[in-house]
Every structure is written in C-alpha cells, then in structure tokens.
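One letter stands for each residue in the lines below.
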Amino acid sequence: MSKIVKDTENQLRLLIKDAIKSSAKKGELPETDELNFIIEIPADRSNGDYSSNIAFAGAKAFKMPPRKIAEIIAENIDLKDSYFSECTASGAGFLNFILADKFYADILLDIKALGSDYGKSDYGKGEKINVEFVSANPTGPMHMGNARGGALGDCLASVLDMAGFSVCREFYINDAGNQIDKFALSLDVRYKQIYLGEDAVELPEDSYHGEDIKQRAKEFAEINGDSFMSRSEDERRNALISFALPKNIQSMKDNLSKYRIEYDKWFNESELHNSGEISEVIDMLTKNGKTYEKDGALWYKNIEVQTKMYLEMGKTAEEIEKLELKDDVLIRANGNPTYFAADIAYHRNKLEKRNFSKAIDIWGADHHGHVARLKGALSAIGIESSRLDVVLMQLVRLTRDGEIVRMSKRTGKSITLVDLLEDIPIDAVRFLFNMREPGSQMDFDLDLALEQSSQNPVYYCQYANARICSIFKKLKLEGITPRDCTENELKGLKEPEERELIRHLSGLTDEFILAAKYYDPARITRYATTLATLFHKFYNACRVSVPDESLMQSRLLLCSCVRETMVNILTLLKITTPTSM
RNA sequence: GUUUCUGUAGCUCAGUUGGAUAGAGCGUCCGCCUCCUAAGCGGAAGGCCAGCGGUUCGAAUCCGCUCAGGAACGCCA
C-alpha cells in the first residue's frame, strides 16, 4: 500500500499544528484548544497542491481576521525535510502548499516497488462482505438490467477487494416458488401444443410467452417424444422442470462467464425451503409477535415494525401515517411461502449462518419499495439492519442514432444480454456500464460503444497503454533498456505535464478507497480516463527519447508507472490491455 | 396520492466531509505530424448549477417548499 499520500497529509497537519504552537509561544497567536480544520487539494491547482482552511476555522478562536492568521502561520511554518517546498497565505485566508521535488520522486519509486499491488490498501481490514448481483430468474433470458447489474456488481466486488475487504461474489438462483410453477405451466402448455396444435391448449395471460420456453419444450419432446402426454400433470411438469431448469441455469452461467463474471457462490433458493430455514424465520417472527393470520394467509406486521423504526428516527405520527404503510403476506392461503419470506431467510443465511459482516445487494431501482421492509424484518429477528446495504441501480435505455432502441433488430423481441454481447465488444460494455454512478438513469449509446476512437473512453484508455508499449519497443530496437533511477534523477521530472501526471498517479489508492466507501466503481473508470488524458498530454509535450540519458530513463520510469497503473485498473475491470492497436 | 431516483454548457456527464474565477468529453469553429502510434494534442465559443426561500465568513453542495421527468406502490419476483 502506498503510504506516501497519507503520510503527506498527516505530515501537513502536524506542520500546521507546530506552526500554531510556535506562533503562540512567540505571542503572535493566542493560546487555543485543538481546532477542526481540513486539508484538501484545491480544484484550481494554480492555488497550490494542497490547501487548508485553518485560518477560517480558527477565526473565532483566535479572534483575528482569517487573512492575518494565515499570514502568521505561513511565517512560522517549518518545511525543512518535509514533502513541501512552499507555504503561502492567499485569498481571504487560504493557506496554500506546494509539493517538493522529493514527493514526486518518492511516489514513482513507490509505484515501481509495489508493481501490481499498487492501489491496494487495508482499508477494509479483511472484513467479510457478500456482494450479490444479477440473480436473474432462471425462467428466461437475461435482460439489459442484468447487463448493467453484472458489470456494476462485478466491478464493485473488485473495488472492495482492492480496498482490503474479503469479498464473495454471489448469485441467488430463484429455483423455487411461484415463478417456477409458472415456468412449469408454460413449458407444459408448449409441450402439449406440439402434439395437440397451438389452438388446442391456450397459454394463460400471466405465464411466460417467450420463444425460449417453446424451444425448451421442443428439446424435451425430441428426447422424450409424446410419452409424457399420457402421464399425470404433476409428473409431466416435474419432468419438464428437471429438464429445463438446469439447462437454463447452465446457459446463464455460460453467458455470464462470456461476460467475464465468475461467481464464488451460486445459492439455490430451494435450499432455504428444504432446510427449513424459511419456516425458522417465520417462527422467529411469530415468536416475536410480528405475525397474524387473516384470510387464510399468514401476515407480517410491517406497519408496526416500520412505525417503530420511523418513530425512533424522529418522525411524527402524522408523517408516518402519510407513508401509507402496508402489511405483507409471508405464507399464502395456498400454503406456499412468498418471495419476501424466502428473502428474509436468505439474508439471515448470509449474515448469521455464513457470518458475512455485511451483505451488499445490487437491485434494479424498481425494487426500491422492498428495501425498508426487508431491513425491518431483519431487525425484527434480531439482525442489525445496517448490515444489509442495497445498491439501487436505475434502468438502462439503449440508443442508436439518438433514438431509443427497445427491440432487437434480429429477433424483434426486447434486447437480451446475449444480443448485446454479440453486437458490442465486451471491453466496451464493461467499461461503459461503469461510467455512471448506479443511481443515475443511463442511456447506453450503441454507436459510441462500437466507435474505435477517442470518443470511446475504453479505446482512449487502452490506447495510452499501447502507446507506452510502443515507446519501449522502439527504444529496445535502439538498444536502450529501462533501468532503475535514483531519487535525484527522478527529481528532474519538472515539466508541468510530468508533475500533473505523477500527482494523479499518487491518488490511485485513495480513489479505490472512496469507490469502495461509496459503492461507486464509476470513480475508477473516470480515474482511468483522466490518467489517459494526462498521459497523452505528457506524450505531446515531452519526448521520452532524448539525448540526456538520465532524463530519458526517468521518463521511461514514469511511463512504466503509468502503464502499471493503467494495466492494474483495466485488469481489475476485466478489460483487455492490448500492447498495440 | 405516497415512496424513491434524477434535474449543472447544444448533447452525455464530473464536481470529494460546504471553499478561491463551476469542470471534462462529444458536437461546432481554428490550429499542430522531416520527430517515440494523429485511435493523439493545443486554442476559441458555449452557464441565472430547474426555481424560490433558509442556515453562515462562504452554498452547485446542507435544510424547507415549488416545478419537471423516470420508477415502484400485488397472497409477482
């Protein structure tokens, strides 16, 4: 882990505190208690590399105008042997700092030493986190929402991993319950239609109408012929399900694998039914007085639980009344548990039985109404609800020629994950889906994804890497091989383009930590795009192959650090890094 | 109606726990290869941060209200 950036900020904090102490000793500032102040990187870099608001924060305590305080601190600060070369007071009272040459040299040496570990940190302290994403129904093909969820969940898991968490990628297979009955019924109808004709058996309105169901029924018929026509409905449906479900699940695994997603755990909902865990949570809720019977069904007292939660949060009774809370069914009148009941058991399984300290679920935003009641139900069985975090992801629209695309040209049906991956390079899909934060509605531009130019950020980033490879290749032909550089040599990298590039490199570890903290992998694609921009600027402004051997080697080392960083990021996003383009 | 997400340049979007003159890319216009990949770089133009009020040294950012758009409000999942 790169400690230099962290050390730099800590050092700055101490330098400021020391300066205040020595000013107080000289009587230039009054004695005061610890002050809360921040250290930040100014948006406008011409104001320095770091700045602090200490003078504003201390204005009241010191009973002096901020500008005056800043001047006194700047006067008394001792920068000898620090990572800073200059401290000035400016504006209404900002304290600005310029980084010293040593900082730049040390960052590069650090990156070089860390190699593929550069960017990793122990922020997460090995905490066990479960990231569940996609979890598409195995009753049909995966759609665009699954495509975004897949890219997002997989990259979020990687980001958490980089930030020092111990991550488990999980897929929840809904292989039980209502939709499986519906699946069976749909298959059954399609199977019978093969032998009796399409008009003889009608497909109910609320069953699955997709071509994929027809296809599975046909495959079943090719193997078994009409032998199941004479069997009982139960036997026939069971046979159809045991034939079609594994095939569908395998096909999801294959397609996700093509999308470069490998799960650590495929969790079957049916396990929760078979093991009795669903009954267990229902018993727990009942024991805690959170259920009642009505109309032959067993209900969960959502209104009661959430009202209590909201009252604790400080809402008034009137405000809660307006929320129009509703109770929910746990066991239907027909004796089958609902999805909700299974979900409570599933999350208890993750958090209690398997001891994950946190469960992160990636859900489509259309499920947002489910979050509060699930959290409530968890707390009602004694599980701290903050241990579940749900990342709600807004829906995706596809556009082509500026128009919204709803249907696939080839099939005439809505576009599936498979359709998308056939048309668009996987590198582009994975990158573009991670360019927006999850909560923003996004338009996925099909033309842009196919574009092989700077307009397409994924190519732009890959190109930076390819250019660096090309430099090394060219110099190798001239008999020049990269060597280690001394700190003094690296201090010679003083061009503004070099400095800016190195400063950006230094921020990688923090960026991963922030992406992990805010569950936002989009920060990383943005970081990569900026890195590419700064490299291209450097490339244009500074030649690597120059007569000054020391400078050339320093620039080579800078290039290799940029390459290391870019490759680390793209590899993490599971995007390829071609050495020539 | 209630919940929830969103509203920043012509378009797509950044904008850190409130900080200095609000940033990028695309598109438009003008430039840069006898030199490591022009899939690149530089410059110009483009803004009432949806609106109104509040909090304070200071608000795109925090709070309240209003307006506009998406989504959800099932014994579906």
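Keep in mind it's a predicted model, so treat the numbers as computed, not measured.

### Observations regarding the overall build of chain A
Each helix and strand in chain A was counted, giving 24 helices and 15 strands. For the C-alpha atoms alone, the extent of chain A along its principal axes is close to 95 × 65 × 40 Å. Considering only contacts within chain A whose residues lie at least 6 apart along the sequence, 74% involve residues at least 24 apart. A total accessible area of about 27,400 Å² is found for chain A, and carbon and sulfur atoms account for 48% of it. The distance from the centre of the 76 positive side-chain charges to the centre of the 90 negative ones in chain A is 2 Å.

### So, the layout of surface pockets
Estimated volume of the second largest pocket: approximately 670 Å³. Lining of the second largest pocket is provided by 24 residues; of these, I41, R45, R503, H504 and G507 occupy positions nearest its centre. Of all the secondary-structure elements, those providing two or more residues to the lining of the second largest pocket are α1 (4-25), β1 (39-40), α21 (496-506), α22 (508-517) and α23 (522-541). Looking at the lining of the second largest pocket, the element that brings in the most residues is α23, giving 5 residues. Looking at the lining of the second largest pocket residue by residue, the classes come out as 10 nonpolar, 4 polar and 10 charged.

### A closer look at a negative patch on the surface
A cluster of acidic residues, D401, E403, D445, D447 and E451, forms a negative patch at the surface. Counting through the fold element by element, D447 comes out in helix α18 (residues 446-450).

### Focus on the pairing of strand β12 (residues 388-393)
Burial analysis of β12 places 5 of its 6 residues in the buried class, the great majority of the element. Direction of pairing for strand β11 (residues 358-364) relative to β12: parallel, over a ladder of 6 bridges. Bridge pairing in β12 places I362 opposite V391. Viewed along the sheet, the connection from β11 through helix α15 (residues 369-380) into β12 turns out right-handed.

### Quick look at the confidence of the model for chain A
Confidence in the prediction for chain A averages 90 pLDDT; 99% of positions are at 70 or higher. Reported confidence for the predicted complex is 0.93 by ipTM and 0.93 by pTM.

### Examining the environment of D389
Take D389: it is sitting in strand β12. Distance in space between the C-alpha atoms of D389 and I362 is 8.7 Å, their sequence separation being 27 residues. Discounting residues that sit within four places of it in the chain, D389 has contacts with K358, A359, I360, D361 and Y519. A polar contact of 2.7 Å, which involves the side chain of D389, links it to the side chain of Y519.

### Things to note about the nonpolar core
Among the nonpolar cores identified, the biggest contains 145 residues, and Y259, L420, F433 and F444 are the most heavily contacted of them. When residues in this core are grouped by element, the largest group, 11 residues, is from helix α24 (residues 549-572). Setting aside chain neighbours within four positions, we find F433 in contact with M144, A147, R148, A151, Y259, V396, L420, M442 and F444. In this structure, L272, Y300, L374 and I381 belong to the second largest nonpolar core, which totals 29 residues.

### Topic: the sheet that holds strand β9 (residues 297-300)
Taken in spatial order, the 3 strands make up an open sheet running β8-β9-β10, and their pairing is antiparallel. Since the sheet does not close on itself, it has two edges, and those belong to β8 (291-294) and β10 (328-331), each with one partner. Neighbouring strand axes in the sheet, compared pairwise and without regard to direction, differ in orientation by 45° on average.

### Quick notes on unusual backbone geometry
Despite not being glycine, K63 has its phi angle at roughly 55°, a positive value. With respect to the helices, strands and loops of the structure, K63 is situated in the loop between α3 (59-62) and α4 (66-76). For K63, a relative accessible area of 74% gives the class exposed. Even without being a glycine, K125 presents a positive backbone phi close to 50°. As for its position among the elements, K125 is in the loop between α5 (101-114) and β5 (128-132).

### Considerations on the sheet that holds strand β6 (residues 166-173)
Taken in spatial order, the 5 strands make up an open sheet running β7-β6-β5-β11-β12, and their pairing is parallel. Only two strands of the sheet have a single neighbouring strand rather than two, namely β7 (265-268) and β12. The mean angle between the axes of side-by-side strands here comes to 25°, regardless of whether they run parallel or antiparallel. The pairing of β6 with β7 spans 4 bridges and is classified as parallel. For I173, the partnering residue across the bridge sits in β7 and is N268. Of the strands in this sheet, β11 and β12 are in contact with α15, which crosses β12 at around 170°.

Rules and cut-offs
Residues numbered from 1 in each chain as written. Chains lettered and ligands numbered in written order. Predicted model: local features only at pLDDT ≥ 70, side-chain atom pairs only at ≥ 80, totals over all residues. Heavy atoms only, no water. Helix = DSSP H or I, 4+ residues; strand = E, 2+ residues; numbered from the N terminus. Contact = heavy atoms within 4.5 Å. Areas by Shrake-Rupley, 256 points an atom, 1.4 Å probe, with all protein chains shown as cover. Lys, Arg positive; Asp, Glu negative; His and termini not counted. Charge placed at Lys NZ, Arg CZ, Asp CG, Glu CD. 1 Å grid on protein atoms, 1.4 Å probe; cavity = no way out; pocket = protein on both sides within 12 Å on 5 of 7 lines; lining within 4 Å. Points joined across faces, edges and corners; volume = space filled by probe spheres on them. Nonpolar A, V, L, I, M, F, W, Y, C, P; charged D, E, K, R; others polar. Patch = residues over 30% accessible without salt bridge, like charges linked within 9 Å, V, L, I, M, F, W, Y side chains within 5 Å. Salt bridge = Lys/Arg side-chain N within 4 Å of Asp/Glu carboxyl O. Buried < 20%, exposed > 50% of the residue type's maximum accessible area, 1.4 Å probe, protein only. Pairing = 2+ DSSP bridges. Right-handed = clockwise from strand over helix to strand, strands pointing away. pLDDT = per-residue confidence, 0-100. Polar contact = N/O pair within 3.5 Å; in protein donor to acceptor, adjacent residues only side chain to side chain. Core = buried A, V, L, I, M, F, W, Y, C linked by side-chain atoms within 4.5 Å. Axes fitted to C-alpha atoms, helices over the stretch in contact; angles between N-to-C directions.

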